[in-house]
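# A structural walkthrough
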Amino acid sequence: MNYTDLFRITLPETALEVAALLVLVVDLGFLRKAALGVRTAMATALGVLGCVTALWLMQGQGSMRFTADGTPNTLLLVTGGYTAVAQAAVLGLTAVTLLLLIGTTFTRHVGEFVAVVLMSATGGLLICGAQDLLVIFTGLELLSLGLYVLTAFAKSSGNSAEAALKYYLFGGMSAAFLLFGFSLLYGVTGSTNLQQIAAASIEMSAAGAAPLLYVALVMVSAGLGFKVAAVPFQLWAPDTYEGAPAPAAAFVASVSKVASFALLISVSMAMVNVFGGAHRVFMVRVGQAPLPRYLGIQQPWSLILVIMAAASMLAGNLAALAQSSVRRLLAYSAIAHAGYILLALAYFSRSSFSANAVLYYIVTYGLTTIGAFGVIGVVERATGSDRMDAFLGLHKRSPLLAAVLLVLFLSLAGIPALVGFWAKFNLFAAVLRVSDGVVPFTLVALAVGMSAVSLYYYLQVLKRAYVMPAADDTPIRVHPVTALVLFAIAAAVVVLGCFPGLLQDWIATYNPVP
Amino acid sequence: MAWTIYLSFAGALIEALLPKGRAGLARAFAFVVALAGLVIAAVGFAAGAGQGRVTIVDVPWVASMGIRYTLAADGISRVLVLLTGLAAVAGVLFSWNIDRRTNEFFAFFLALIGGVYGVFLSFDLFLLFVFYEIAIVPKYFLIAIWGSTRREYAAMKLALYSFVGSAMVLIALLAAYATSGSHSTGLLDLAHAGLPVSFQMWAFPLTFVGFAILAGMWPFHTWAPTGHVAAPTAASMLLAGVVMKLGAYGCLRVAMSLFPHGMDPWGWSFLGIGSWRDVFAVLAVIGIIYGALVALVQTDFKFVIGYSSVSHMGFVLLGLMTLNQIGVTGAVLQMYSHGVIAGLLFAIVGRIVYERTHTRQLAELEGMHLSRRMPFAAWAFVIAGMASMGLPGFSGFVAELQVLVGSWNARPWWTAAAGVGIVVGVAYTWRALQKAFFSDAPHTHHVHGNHGEHALEPITWPEVTGFCLLAAASLAIGLYPRILLDTIEPAVKALLAGGGQ
């Protein structure tokens, strides 16, 4: 254990923490008497600065590995590769979320809000690179605790408190499951390192069935499934999305998802990439025909993911059809999107294209969702509601908001040439590239069919924005910074949709496809 | 010719940014853009007359996935691009009276046109699919915002039908991409990839049905009548004129040329149906007869035209399934012909008649003596009706004749059944013509009496221009079909030969 190394590898995290403390000091120390607008602007600026600094430090790091005793067997943290992409996404999306804070009035404690966002993002950065069960758990808790606080931040709103309590209870429960699963994994395999666990599981499955391993996997999937809101661990999502203040909901829906999926990439990667991917490892017992192949926990893990994926796609899309609150609709659509991504994690390849497809999806999905919550936040402040009918005549009340909503929702539905379509295509192509069997194909067909269903509910909102007559014609004022951020997000969605190679190549510079 | 696409999309963007309330400006600008598109299409058509496939642009788009931005034009593309240009100009002319949210209307209109041009010019399956889906959203908004009867229902139905169809195509696309080794999505590359027959056997029907939904193939046609009826005139003209062609074009360009072995016999037959080809031909024939019979009993003038489109598109699909030179050529010609004629019919019914009488019910029109009060409309419909019936001298005659000859060569009884459709086609056109314009029924002005006998507005110049444009387009091809046939035939020959049939 070399603490200099630890310091070097966690420089971006440190930068975020410093920024968080700085925000608190400036906000509580120097700006106590200042107007809310000034304090919000200052806190946001410092927060964004922190993210940018962390991003810059992260770029300088390159590929690093941190181990407990110097051997790869105790690998704790890595940077570079797909981790770098995920960390950059976490930082970038955090900055965008913070920018949407400007103009909001749900709390007077903006300093604390920004600080908690940054600390939570630190947890997100950690789990992007975590390779060890204990680091994973610590990072997850760091992320989650912040999210619970953020959800409850609108202190005058009963909904916010209710949402936070539900989120916290479900979260606490799933963390317990996760920890129990981790302890079982450690007890059975004797290691807390992901690669070691995967390798040990192969030996174990060759020695005979190990039911305890499967129990552990189910427990772990409960914990991680909760984070990404996969069915059947999705119950918190609609309430949290509905009750949380808009920037907090955007943070939950984007940054937390990106980090959690990055963690899932690490887990899936460890299972298909045993011993660093130098060899494809099977245990083969001689003398029996046909030779059985032992893949350890890879197959049961895939199976669990497939079940969660199919259930999420179905339940998310079908439940979204019945929603009248746009936030709940987004929550169910998030569940559906999680389903698509889980599919690619279930059929995961050792080659980097799978990880890149998942990264492409979560980065673009996170960006789109933040934009959607930005629009919802503005509309909510103007109308006091997030019901679909609050969007009536939006094209007259604010052409910009309506146009942004059009682009973002069509992208979520997967209409080309918007980035959401590319993300889906890339993801499904990756699934079929890994396996061309009947089952993955059926699942992809289900996913494509379900995204046809999703067009219906996205159009329900757009119909109100563009088609149906307005109940109220007063223009909606959009804060210039918010307008700029929303416009930039929509423009990014269009540009990346027209030139999908840009983002793909950028991801590939970190995680090259051979 | 690639500029047709870029101009349309740029035009759509500029229209969206135009100040609200400047209807005249929006109209004039849209007209200029559509006309420029038509000129480019016509020049491209004339310039490419003797040539085969000409590649316009071919650059890598998503290099890591082997997706290229390939635009090219062969004879079939050139004809359909020309049709799109005609339909666009006529559509703008017949929507001259749109006063509400004019700039948005033309923005969606031009975006739709741009997508359609894109589909016809794409020679990369992925690119084609992208343009195909781009066309879905504007259709929804055109109908939902500016439509009439049950517009939100019809718009949603159309959007979901299209999207389900394209989801089927996307599944096949993904599978073909994966099966061929994930190297390329170019149409030619995929066609030469040697996809296994067992794969083609299920990919073909999936793709064909996916596209044929938009071509109005029975029993997936139900979006067409409701969509056509609900849509504003220009949108119905585009829907029937070019959007249904997208479906048929996809069937030909993607389903049939990528998965030709999907049409091979199964090795067993049931009721004389022994391959997917037979299945779709039978569905096409059913569509021809069913559309015509249903059109015969409609009480709404626009529904008559809506169902007639289903019937006419049946000829296109039947022509495709003949798999011989003359039949497929006829199918492509019928795409052009129906595009022009359906545009004409919808323009007369939706714009010229409905905007003045405010009814489309044949029973109410009967009492209005329109032949006396609107002689232009009456004679325009006579001409359009004759074209629609397939009288010699109009493009429909040449096209349907070729389809019938082709299908006789393939399966004589298809021809016999389709012939029944033609007879019924004469009947429903005649009935609509008689009821709407030349009826002697007494006055029944109890509903719209306030309009009086003399209140009908005069015919405006955009209507006359639009009518002349489309009628001339049909007549010219009817009198001298070689203009198009010389372009279509080599392309069809190459396609059938390349398809391994």
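Residues numbered from 1 in each chain as written. Chains lettered and ligands numbered in written order. Predicted model: local features only at pLDDT ≥ 70, side-chain atom pairs only at ≥ 80, totals over all residues.

The next subject is the overall build of chain B. Of the regular secondary structure elements, chain B holds 21 helices and four strands. Its C-alpha atoms give chain B a radius of gyration of 22 Å, within 12% of the compact-globule value 23 Å for 501 residues. By residue count, 62% of the 501 residues in chain B fall in the buried class. (Helix = DSSP H or I, 4+ residues; strand = E, 2+ residues; numbered from the N terminus. Rg over C-alpha atoms; globule rule 2.2 N^0.38 Å. Buried ≥ 20, exposed ≤ 12 C-beta atoms within 10 Å, placed from the backbone.)

Moving on, we come to the overall build of chain A. Secondary structure summary: chain A contains 21 helices and four strands in total. Taking 514 residues into account, the globule formula puts the C-alpha radius of gyration at 24 Å, and chain A, at 22 Å, falls close to it. Projected onto its principal axes, the C-alpha positions of chain A cover 80 × 50 × 40 Å. Relative to its full complement of 514 residues, chain A shows a buried share of 60%. The long-range share in chain A, meaning contacts at least 24 apart out of those at least 6 apart in sequence, stands at 80%. (Contact = placed C-beta atoms within 7 Å.)

Accessible area lost on assembly of the parts is the figure often given for the size of an interface. With 26 residues of chain A at the interface, the matching set in chain B holds 28 residues. Sorting the residues of the side of chain A that touches chain B by element identifies helix H18 (419-434), helix H19 (438-466) and helix H21 (501-510) of chain A as the ones contributing at least two each. In terms of residue count, H19 of chain A provides more of the side of chain A that touches chain B than any other element does, 11 residues in total. A per-class count over the side of chain A that touches chain B returns 20 nonpolar, three polar and three charged. (Nonpolar A, V, L, I, M, F, W, Y, C, P; charged D, E, K, R; others polar.)

Glancing now at the domain arrangement of chain B. All names here are of chain B. In terms of domains, chain B is made up of domain 1 (1-257) and domain 2 (281-501). Centre-to-centre, using C-alpha coordinates, domain 1 lies 22 Å away from domain 2. Across the boundary between the two partners, domain 1 contributes 41 residues, which contact 48 residues of domain 2. Among the secondary structure elements, those contributing two or more residues to the side of domain 1 that touches domain 2 are helix H3 (75-94), helix H10 (223-230) and helix H11 (233-258). Element by element, the count of residues in the side of domain 1 that touches domain 2 is highest for H11, at 13 residues. (Domains from an automatic or database assignment.)

Below, the discussion takes up the nonpolar core. Counting 408 residues, the largest nonpolar core has Val358 of chain A together with Leu317 of chain B as its most contacted members. Here this core spans two domains, and each of domain 1 (1-257) and domain 2 (281-501) of chain B adds at least three residues to it. Apart from the residues lying within four places of it in its own chain, the contact partners of valine 358 of chain A are Phe261, Ile265, Ile341, Ala344, Leu345 and Leu427 of chain A. (Core = buried A, V, L, I, M, F, W, Y, C linked by C-beta atoms within 7 Å.)

Residue and element names in this part refer to chain B. Two numbers describe how helix H6 (residues 136-146) lies on helix H7 (residues 151-179): the axes approach to 8 Å, and their chain directions differ by 170 degrees. Here H7 runs roughly antiparallel to H6, going by the angle between their axes. In this structure, H6 contributes Ile136, Lys139, Tyr140, Ile143 and Ala144 to the contact, and H7 contributes Arg151, Glu152, Ala154, Ala155, Leu158, Ala159, Ser162 and Phe163. Considering only residue class, the contact of H6 with H7 consists of nine nonpolar, one polar and three charged. (Axes fitted to C-alpha atoms, helices over the stretch in contact; angles between N-to-C directions. Parallel < 35°, antiparallel > 145°, perpendicular 65-115°, else oblique.)

Once that is clear, we can look at the environment of valine 453 of chain A. Residue and element names in this part refer to chain A. One can find valine 453 in helix H19. Classification of valine 453 as buried rests on a count of 21 C-beta atoms within 10 Å. C-alpha of valine 453 to C-alpha of alanine 413: the two residues are 40 residues apart in sequence and 8.8 Å apart in space.

Once that is clear, we can look at the environment of glutamine 51 of chain B. Tracing the sequence through the fold places glutamine 51 of chain B in the loop between helix H2 (23-47) and strand S1 (54-62). Along the primary structure glutamine 51 of chain B and phenylalanine 259 of chain B are separated by 208 residues, whereas in three dimensions their C-alpha atoms are 26 Å apart.

Residue and element names in this part refer to chain B. Relative to the elements of secondary structure, methionine 368 occurs in the loop between helix H15 (362-366) and helix H16 (370-373). Distance in space between the C-alpha atoms of methionine 368 and phenylalanine 437 is 8.0 Å, their sequence separation being 69 residues. With near-sequence residues (within four places) excluded, methionine 368 lies in contact with Thr357 and Arg373.

Moving on: H19 of chain A. Along its 29 residues, H19 of chain A runs 41 Å from first to last C-alpha, staying within 8% of the 42 Å computed at 1.5 Å per residue. If you look at H19 of chain A, its biggest bend is around 25 degrees, right at leucine 459 of chain A. (Expected span 1.5 Å × (residues − 1). Bend = angle between axes of the 7 residues up to and from the residue.)

A separate point is the packing of helix H18 (residues 395-410) of chain B against helix H19 (residues 412-436) of chain B. Residue and element names in this part refer to chain B. The N-to-C vectors of H18 and H19 enclose an angle of 150 degrees; their axes lie 6 Å apart at closest approach. In terms of their interaxial angle, H18 and H19 are classed as roughly antiparallel. Across the interface between the two elements, Glu400, Leu404, Ser407, Trp408 and Ala410 of H18 pack against Pro412, Trp414, Thr415, Ala418, Gly419 and Ile422 of H19. Looking at the contact of H18 with H19, its residues break down into seven nonpolar, three polar and one charged.

Okay, the pairing of S1 of chain B next. A regular strand places its side chains on the two faces of the sheet in alternate fashion. Residue and element names in this part refer to chain B. In terms of strand pairing, S1 meets strand S2 (residues 67-73) through seven bridges, oriented antiparallel. What sits directly across from threonine 55, in S2, is alanine 72. The turn linking S1 back onto S2 is made up of four residues, and glycine 66 within it adopts a positive phi angle of 70 degrees. (Pairing = 2+ DSSP bridges.)

With that settled, the discussion passes to helix H9 (residues 211-228) of chain A. All names here are of chain A. For H9, which comprises 18 residues, the first-to-last C-alpha distance of 26 Å matches the rise-based estimate of 26 Å (1.5 Å per residue) to within 8%. Residues of H9 that are buried include every one of Leu213, Ala216, Met219, Val220, Ser221, Ala222, Gly223, Leu224, Gly225, Phe226, Lys227 and Val228, and no others. The elements touched by buried residues of H9 are helix H6 (133-151), helix H7 (158-189), helix H8 (194-207), helix H12 (255-272), helix H13 (298-321) and helix H14 (326-346). After H9 finishes, the residue alanine 229 shows a positive phi value of roughly 60 degrees.

The subject of this paragraph is unusual backbone geometry. Backbone torsion omega between valine 231 of chain A and proline 232 of chain A reads 5 degrees, so that peptide bond is classified as cis. Considering the arrangement of structural elements, one finds proline 232 of chain A in the loop between H9 and helix H10 (236-243). Here the residue pair tryptophan 218 of chain B and proline 219 of chain B is connected by a cis peptide bond, since its omega of 0 degrees sits within 30 degrees of zero. For proline 219 of chain B, the position within the fold is in the loop between helix H9 (197-214) and H10.

Residues and elements named next belong to chain B. Taking burial as the measure, the six residues of strand S3 (residues 265-270) include zero buried ones, a minor fraction of the element. As paired strands, S3 and strand S4 (residues 273-275) are joined by two bridges and run antiparallel to one another. Directly across from proline 265, in S4, lies its bridge partner serine 275. In this structure, the hairpin formed by S3 and S4 is closed by a connection of two residues, where leucine 271 is found at a positive phi of approximately 55 degrees.

We now examine the confidence of the model for chain B. Summing up the model confidence of chain B, the mean pLDDT is 84 and the portion of residues at 70 or higher is 96%. Within the model, the stretch residues 447-452 of chain B combines pLDDT values under 50 with four contacts to residues more than four positions away or in other chains. (pLDDT = per-residue confidence, 0-100.)

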